[in-house]
Amino acid sequence: MAGTGVAAAPRQTGSLWSRLPGFIRRSVSIVVLLLTWEGVAQAGWVDPFLLPGLSDVLRRGYEEVGSAGLVYLTGLTLYRTLFAFVLASIIGVSIGVAMSVSKTTRWFCDPLVSFMFPIPKIALLPIFVLWFGVFDVSKITMTTVACIVPIISATHLGTRNIDKYLIWSARALGTSQRKMFWKIVVPAALPAILTGLQIAFPITLIVSIVCEMLTGGQGLGGYMIYAARFGESDKVFLGIFFTALIGYVLIEGFAWLRRRLLVWHTETSGAV
Amino acid sequence: MTAVRFYIPLFLIVAFWQMAAMVGMVDVELLPSPLAIGNGLAHLATAGDLMLHVGVSVYRQMAGLILAAIIGVSLGIGMAHVAWVRDVFEPIVRLTYPLPKSALIPLLILWFGIGHNSKIFAVFLGCLLPVVVSSFNGTRGVNTQLVWSARSLGTRGIRLLWKIYFQAALPEILSGLRIALALSYTLLVSSEFLIARAGLGFLIQSLGEAGDYPGMFAGILIVALIGFTADRLYVKWMNWMLRWQEQA
Amino acid sequence: MAYIEIEGVSKVYQADTPDPIIACDRVDLDIERDSIVTIVGPSGCGKSTLLHMIGGFITPSSGEIRFGGEQIVEPGPDRGVVFQHFALFPWMTVRGNVEYGLAEKRMPKAQRREVSQHYIDMVKLTGFEDSYPNRLSGGMQQRVALARMLACDPDTLLMDEPFGALDAQTRMIMQEELREICRASKKTVLFVTHDVREAVFLGERVVVMTARPGRIKAVLDIDLADDAPRLAVDEKADEIWDILRDEVIKAVVPGASYSERAAG
């Protein structure tokens, strides 16, 4: 979210604040929060069971990372998440494309996608556990099913709404109907497809973590829920940090990938 | 009615499923037939406490969602208008954006235990961010020429805020709320699966553990239908609120 | 036999409903080879529809369109097109766009380079070969579209309000450049526009269409000297505007004509 001119003049409380340089103004709240956290914990105002100090969490983190255990768990979570995502991307894009090309596929899949869209797909987890047990297969299946719907939707929409003048220009320049799809439709739909993938991505991580919490096994989700059950709150916080870290790395990574692939696209700017 | 015609493939799938079950193509232990599920559903409805569980779940979901909506919209609009609000909250939003809010569930369980509050807060925290972001973007993206026209026609201050900014930002705010609605059910179900004494998630888990698979499937169906219907109703309401908009 | 024969061509949408939309109504037009013909008309008069049918993108509801005696059925590289909103392939560079048709013809790479460079230079975009369209101004993008069309060396050039999306100043420059290009090469040019001055400036013949349902109202020859000043163009344009004015009012105020409004 870059600052932009807003029509209403921003009302500022006192000019002192507005005279501070930008990066200070923007980091104040984080710093204040962290300091308050540590202060409150040290002062003992809150039960250390509920709120371990920042320093305690960091200390625990140092131990855990040193023993490589937590890193291994993070790797497992990452593996499941990415595997499911790649699977969902391949299947989802294929179905989306098929829906644009074949009327029958569209007739069949449209209501399915419409129905699946608003329902909490995590509710299907007990079914997958029933069928596949509590190990990786059920987790990955659940995650794939959960994130595939936005991918199908975005791909279908993207490949359907191609500017007809692009198609007509290509025809006037000698492109056969056969080659039209791969040469013109797919590149033109790429921004929309990537947006669908970008929306699906965070969903993959969310669902992956929840599956781990519910079905046990090693991974960040399992780590956090066991820690909660045994009252080890510093581990819970550590787990949250690590999850946020993966989340951040993956999301930034994806954004970077999108910029590289779509260097030719007129991106709209401004939003978060 | 054309809406029913649209869903014909779904009915076909159910019909095919039923036939497959009767012919023995599927293991009915693992995949109960639609009729068996219907049976389970009827059983649940009459056995007494289904409505209790539904009520508990809906209460938790609504409470969390409404809280997130009120606070989120206010925060988002505030951030778009007032510079210091943006400076204070934007870094926090940025920082927590990549964190999957479901990762907070164990922490909430630690803090609030097994009762309602852990679920309500899970829903609240999960839904807050999409609402804040869409309110922020919606308000920021208001066409400046709209605002200037209103000001030159005499609107000022709070009235300006309400009549112009809010209305113009409404489409984006409402679509952010729709996403939050879907998320609220996901977080509700996740937290109720994990640790609860009541609610639909708890019901589904206990039916599964007891080996009553038709009942379990029926419970899942109820959850799916609630989520689906809520979305449909919301879209109807949203379209009514935005009836002045041009059809894209 | 004229080069392009348009005979009794109509295009009707929603024909089976009580309110069919007649975009074109029995249009008859003959176009000589290597002539520059501009088509003007009010909005909705079907001039673009007519052009799209000549290009082979839409099929007429009735009537025939023949090129050199043969009926056309499909778009092809013998009829180049430029559209109002450029329709450049955004994921390709300028060179990529210009070379696209050449690649379809399976021209070897070195030769493609030469040809595309020639046309990029011709439209005065030297130095921008490796830019993506999103970095170019409207006028520049339209020049790429022109170069892309010309590179394939089509016999006929079809232009659908190509300068409609440009600001008035750029438009005037583009008109002059296009006229130079058209006069330098021997091509049959069909140019659709709503701007009467533009039609007179560019065209050797101007076709005036009525409001919907679109028919040919008048066909005028323009005999202005090659270097005629803009003033002479304006005078001729005013003549044509007198013919066109009624149709525009009909299009803007359905059911009224200028004489009716003047009287009442």
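Keep in mind that this is a model prediction, so the values were computed, not measured.

1. Remarks on the overall build of chain C
Stage number 1. Looking only at helices and strands, one finds 8 helices and 10 strands in chain C.
Stage number 2. Here chain C has a C-alpha radius of gyration of 19 Å; the compact-globule value for 264 residues is 18 Å, and the two agree.
Stage number 3. Here chain C holds 264 residues, and 43% of them are scored as buried.
Stage number 4. For chain C, long-range pairs separated by at least 24 residues make up 68% of all intrachain contacts whose partners lie at least 6 apart in sequence.

2. Digging into the confidence of the model for chain B
Stage number 1. In this model, chain B carries a mean pLDDT of 87, and residues with pLDDT of at least 70 account for 96%.
Stage number 2. Taking the mean pLDDT of every element in chain B, the minimum, 73, falls on helix H8 (residues 144-152) of chain B and the maximum, 93, on helix H11 (residues 213-241) of chain B.

3. Comments concerning the sheet that holds strand S4 (residues 62-67) of chain C
Residues and elements named next belong to chain C.
Stage number 1. Strand order across the open sheet formed by 4 strands is S2-S1-S4-S5, with antiparallel pairing between neighbours. For this open sheet the edge positions go to strand S2 (21-31) and strand S5 (70-71), each flanked by a neighbour on one side alone.
Stage number 2. In terms of strand pairing, strand S1 (residues 4-13) meets S4 through 5 bridges, oriented antiparallel. Looking at the pairing, Glu5 lines up with Arg66 of S4.

4. Notes on the interface of chain C and chain A
Stage number 1. On the chain A side, the residues contacting the 21 residues of chain C number 14 residues.
Stage number 2. Counting only elements with at least two residues in the side of chain C that touches chain A, the list comes to strand S6 (79-82) and helix H2 (94-104) of chain C.
Stage number 3. Within the side of chain C that touches chain A, the residues separate by chemical class into 12 nonpolar, 6 polar and 3 charged.

5. Comments concerning the confidence of the model for chain C
All names here are of chain C.
Stage number 1. Of the residues in chain C, 95% have a pLDDT of 70 or more, and the chain-wide mean is 87.
Stage number 2. The low-confidence segment residues 258-264 (pLDDT under 50) makes 5 contacts with residues lying over four places distant or belonging to another chain.
Stage number 3. Two summary scores accompany this predicted model of the complex, namely pTM at 0.80 and ipTM at 0.86.

6. Quick look at the packing of H2 of chain C against helix H4 (residues 138-151) of chain C
Residues and elements named next belong to chain C.
Stage number 1. The geometry of H2 relative to H4 is characterised by a closest axis approach of 7 Å and an angle of 25° between their N-to-C directions. Taken together, the axes of H2 and H4 lie roughly parallel to each other. Crossing handedness for the pair H2 and H4: right-handed. Note on element contacts: H4 touches H2 through Val144, Ala147, Arg148 and Ala151, opposite Val94, Asn97, Val98, Tyr100, Gly101 and Leu102.

7. Considerations on the interface of chain B and chain A
Stage number 1. The interface is formed by 53 residues belonging to chain B together with 54 residues belonging to chain A.
Stage number 2. A total of 9 residues in the side of chain B that touches chain A trace back to one element, the largest contributor, which is helix H5 (residues 83-96) of chain B.
Stage number 3. Classifying every residue of the side of chain B that touches chain A by side-chain character gives 40 nonpolar, 9 polar and 4 charged.

8. Points about the arrangement of the chains
Stage number 1. Of all 2 pairs of chains in contact, the one with the most contacts involves chains A and B.
Stage number 2. Regarding chain B and chain C, which are not in contact, the minimum distance between any of their C-alpha atoms is 19 Å.

What counts, and at which threshold
Residues numbered from 1 in each chain as written. Chains lettered and ligands numbered in written order. Predicted model: local features only at pLDDT ≥ 70, side-chain atom pairs only at ≥ 80, totals over all residues. Helix = DSSP H or I, 4+ residues; strand = E, 2+ residues; numbered from the N terminus. Rg over C-alpha atoms; globule rule 2.2 N^0.38 Å. Buried ≥ 20, exposed ≤ 12 C-beta atoms within 10 Å, placed from the backbone. Contact = placed C-beta atoms within 7 Å. pLDDT = per-residue confidence, 0-100. Pairing = 2+ DSSP bridges. Nonpolar A, V, L, I, M, F, W, Y, C, P; charged D, E, K, R; others polar. Axes fitted to C-alpha atoms, helices over the stretch in contact; angles between N-to-C directions. Parallel < 35°, antiparallel > 145°, perpendicular 65-115°, else oblique. Left-handed = near helix turned anticlockwise from the far one by under 90°.

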